[in-house]
Structure formats: structure tokens, C-alpha cells
Amino acid sequence: MSDQEPKQRVERIAFSRREPSRDEVVLAVDGPLYHEFADEFQVQLDALASGRWPLVTLDLRKVKGIASLVTGKILFLKMRLKEQLRELRIQGCDPGLYAQFKAVKFDRMLDIQL
């Protein structure tokens, strides 16, 4: 590979879901939420939206980067849940990611717990 060729990201993403109680579901994300993972992430969000848990938690402690497209998907999920009288929160946010959220005032739109 020459210095002129663009480098491709070879990162992976993994999702795991758990129910700490019958009122809450937690989706843990392990890896970056870049554009190339947006469709896969949307499948996970759709499953959460179609569930019955009053509280949906996204665990982002292992997410180091996020695309603006994905933040839009999170906000759309929040709106969908609010229509159903349900809540969304972000828990375990990586410090770098939290700084990024604060810069765009995302922390004012969502409940983000470090």
C-alpha cells in the first residue's frame, strides 16, 4: 500500500442487550458508531423501540467515536419513545464522546450519565 492510497478503517462493532429489570433494557455498544455501522445500529434501535420497556438505556462507555448520522438516529429514537411515554438515557459515556456531545449541546437533549 503506497502513502497515496487512503487507509481503510478495520474496526468492528458489537452489540449486547440485557434486561436488568422488567422495566429497563440496556443496549451496550462496543466499538465506534461510524457511518458504516449506522444501518446495523438502526436495527438495534428499532428492536428497542418496538419493545415494552419503560426505560431504554444506551451504554456507550466503549464508543470512542460517533458519526452525526448516528446521533440523529439516537434523537429520533428518543422522539419515538417519548410518543410511547417511554424514556431514553445514555449511561457510561466515554469522556471523549461526552466532550463531543457537550460541544453540540447533545447533553441538553438527552439524559447522559457518565
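Here the structure is shown first, and the text comes after it.
Structure report, in brief. (Residues numbered from 1 in each chain as written. Predicted model: local features only at pLDDT ≥ 70, side-chain atom pairs only at ≥ 80, totals over all residues. Heavy atoms only, no water.)

**Quick word on the pairing of strand 2 (residues 24-30)**
Move 1: By the criterion of burial, strand 2 is predominantly enclosed, with five of the seven residues buried.
Move 2: Of the strand pairs in this sheet, strand 1 (residues 14-21) and strand 2 are connected by six bridges, and their pairing is antiparallel. Opposite Arg18, over in strand 2, you have Val26 as the bridge partner.
Move 3: In this structure, the hairpin formed by strand 1 and strand 2 is closed by a connection of two residues.
Move 4: Note: strand 2 against strand 3 (residues 55-62), six bridges, orientation parallel. (Buried < 20%, exposed > 50% of the residue type's maximum accessible area, 1.4 Å probe, protein only. Helix = DSSP H or I, 4+ residues; strand = E, 2+ residues; numbered from the N terminus. Pairing = 2+ DSSP bridges.)

**Section: helix 3 (residues 95-103)**
Move 1: Those residues of helix 3 not exposed but buried are Leu97, Tyr98 and Phe101. Taken around the axis of helix 3, the buried residues stretch over an arc of 100°, which confines them to a single face. The exposed set on the far side of helix 3, more than 90 degrees from its buried face, consists of Pro95 and Ala103.
Move 2: Buried-residue contacts for helix 3 involve strand 3, helix 2 (68-83), strand 4 (87-91) and strand 5 (111-113). (Arc of directions from axis to C-beta. Contact = heavy atoms within 4.5 Å.)

**Brief notes about the packing of helix 1 (residues 38-49) against helix 2**
Move 1: Taken N-terminus to C-terminus, the directions of helix 1 and helix 2 make an angle of 10°; their axes are 11 Å apart at the nearest point. The angle between helix 1 and helix 2 places the two elements in the roughly parallel class. Across the interface between the two elements, Ala38, Phe41, Gln42, Leu45, Asp46 and Ala49 of helix 1 pack against Leu69, Val70, Lys73, Ile74, Leu77, Arg80 and Leu81 of helix 2. (Axes fitted to C-alpha atoms, helices over the stretch in contact; angles between N-to-C directions. Parallel < 35°, antiparallel > 145°, perpendicular 65-115°, else oblique.)

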